[in-house]
Structure formats: structure tokens, C-alpha cells
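# Inside the fold
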Amino acid sequence: MLLEILTPERKLYTGEVYGIQLPGVDGSFEILDRHAPLIAALGKGRMKVLKNKASAEHFTIDGGFVEVLNNKATVLVEGAVAM
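A short tour of the structure in this document, coming up. (Residues numbered from 1 in each chain as written. Predicted model: local features only at pLDDT ≥ 70, side-chain atom pairs only at ≥ 80, totals over all residues. Heavy atoms only, no water.)

### Focus on the nonpolar core
Within soluble globular proteins, side chains that are nonpolar generally end up buried alongside one another. With 21 residues, the main nonpolar core has Leu3, Ile5, Val49 and Val75 as its most contacted residues. Mapped by element, the contributors of at least two residues to this core are strand S1 (2-6), strand S2 (11-16), strand S3 (19-24), strand S5 (38-50), strand S6 (56-69) and strand S7 (72-77). With residues up to four places along the chain from it excluded, the contact list for Val75 reads Leu3, Glu4, Ile5, Leu6, Ile20, Leu22, Leu42, Met47, Phe65 and Val66. (Core = buried A, V, L, I, M, F, W, Y, C linked by side-chain atoms within 4.5 Å. Buried < 20%, exposed > 50% of the residue type's maximum accessible area, 1.4 Å probe, protein only. Helix = DSSP H or I, 4+ residues; strand = E, 2+ residues; numbered from the N terminus. Contact = heavy atoms within 4.5 Å.)

Here's what the structure looks like:
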């Protein structure tokens, strides 16, 4: 699945990933490769980018939205910091 993480200032991340774990406004959830179309609101918290089944990157985000369509996930956040 292709992942893009965008802030108002810049593109923070672009690449192929196995999945992502996100802090939704009603609780955490996970999106894996070939997920059904989805739009969800995000709260403040930690986002985990699963590059493959063995490695991951972590970001702290300030809330925003995620859209999943045609095996591409676009995460639009107000702010994010790589951990």
C-alpha cells in the first residue's frame, strides 16, 4: 500500500508500507494493505508506520484525517514529528 503523510508545511513521508496504526478520535485502529475505502478523523497521539512485518517508524501527530482509496492511504495532519 502506498502511504503519504502530509502536513500544511510539507510532505513528511511517502513510500510503500505493510500497514499503519492510527489514533482515531474514538480509539486506535489499523489499516493494512488492500483495506476497503475509508475516511476517518484522527486525534492526537502516536502513529505507527509498519514498513514490513519486522520494522516500523513512529510519529507523534496533532490530529487530522486519513483517506484510504485504491490501496493508497493519505494521512493529512495538522502537525507531526518523527520519533
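### With respect to the packing of aromatic side chains
Across all of its chains, the model carries 1 aromatic pair by this definition. Here Tyr13 and Phe59 contribute two aromatic rings whose centre-to-centre distance is 6.3 Å and whose plane-to-plane angle is 75°, an arrangement assigned as edge-to-face. You can see Tyr13 sitting in strand S2 and its partner Phe59 sitting in strand S6, a full 46 residues away along the chain. The exposure class assigned to Phe59 is buried, which follows from its relative accessible area of 3%. (Phe/Tyr/Trp six-rings, centres within 6.5 Å; stacked < 30°, edge-to-face > 60°.)

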